[in-house]
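Structural overview
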Amino acid sequence: MKKVAEPTTAYHPDSAAVFACAMSLSQACREIADSNDTLNLSECYNGMDQFMREVMRVANQFEEWACQHIAFDHLDSVWPYLLEDGFGHACLSVIQPDELTDFDDKDCLRISMRLRLPIRVDMGLPVPVDARVSNPTSGSGFSEFWIQTVRDSIEDEDISRFTPDDDPFDAEFGLPYFGLYGVGQDGLPEHIADRKTYLEAVSLAEKFAPGIIFPSVPMFAKALSLT
């Protein structure tokens, strides 16, 4: 039995989602400009028509990126409504209103983490993972197995957890990897091993606990528990 399924559904950009992104971002930018006398969006973009073109470019790029990397089946909200409510402020938490021309795919990941979206792992992205699953094997010393992302500091090689509140492209840290831990009856985790990918960590957990089923889309904000 395959324990971790690869996504098979192909998603295509939704014009309603693009519109929701653009509307949310435009409104958020205008709110900041209205409260900041030094920010003139028209001057920043050589006219409000060019500002709206940049807003639309950002909206289209994010929706195209999301179709490749977001597990829409695991969303708790209707996609366009979610974007209308939160995209603008999430976007401006990672890029300034006068810097929309610099928006790129790295910012798409940063925004998705701010919105706590279900991002697919093992697709070459530095995605934070926190997945805990009950051990189905009776008599084991571990009641749960836990997979979480960690990173090494470039300066002193200290290990730190990699969470949604961290910058996935922080130059002070190396690439994230996946730590496998066994959680005892006392609730304390015990480090077992590290693996480069989530699927490799899952495979190792299966050797310790045959029949264990880790989620195919592990959430870092709210674990998808299959127990």
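Scroll up a little and you will see the structure.
Note that the structure is a prediction, hence the values are computed from the model and not measured.

Moving on: the pairing of strand β2 (residues 142-152). Most of β2 is tucked away: eight of the eleven residues are buried. Where strand β1 (residues 130-134) and β2 come together, five bridges link them in antiparallel fashion. Note that in β2 the partner of D130 across the bridge is Q148. As paired elements, β2 and strand β4 (residues 177-184) share eight bridges and run antiparallel to each other. Considered in β4, the bridge of T149 is made with F178. Bridge count for β2 against strand β3 (residues 159-161) is three bridges, and the pairing is antiparallel. Bridging across to β3, V150 finds its partner in R161.

Time to look at the packing of aromatic side chains. Counted according to the given criterion, the structure contains ten aromatic pairs. Residue placement shows K106 over the ring face of F169; its charged tip is 5.1 Å from the ring centre. One Lys or Arg, R132, reaches over the ring of W146 and ends 4.8 Å from the middle of that ring.

Checked against the element boundaries, E63 lands in helix α3 (residues 48-69). Summary of buried charges: E63 has no salt-bridge partner, and the nearest side chain of opposite charge, R120, is 11 Å away. In this structure E63 touches H12, P13, D14, A17, V18, W79 and L83, once residues within four positions along its chain are discounted.

Reading the values: rules and limits
Residues numbered from 1 in each chain as written. Predicted model: local features only at pLDDT ≥ 70, side-chain atom pairs only at ≥ 80, totals over all residues. Heavy atoms only, no water. Buried < 20%, exposed > 50% of the residue type's maximum accessible area, 1.4 Å probe, protein only. Helix = DSSP H or I, 4+ residues; strand = E, 2+ residues; numbered from the N terminus. Pairing = 2+ DSSP bridges. Phe/Tyr/Trp six-rings, centres within 6.5 Å; stacked < 30°, edge-to-face > 60°. Lys NZ or Arg CZ within 6 Å of the ring centre and 35° of its normal. Lys, Arg positive; Asp, Glu negative; His and termini not counted. Salt bridge = Lys/Arg side-chain N within 4 Å of Asp/Glu carboxyl O. Contact = heavy atoms within 4.5 Å.

By themselves, these are just geometric observations and shouldn't be taken as functional.
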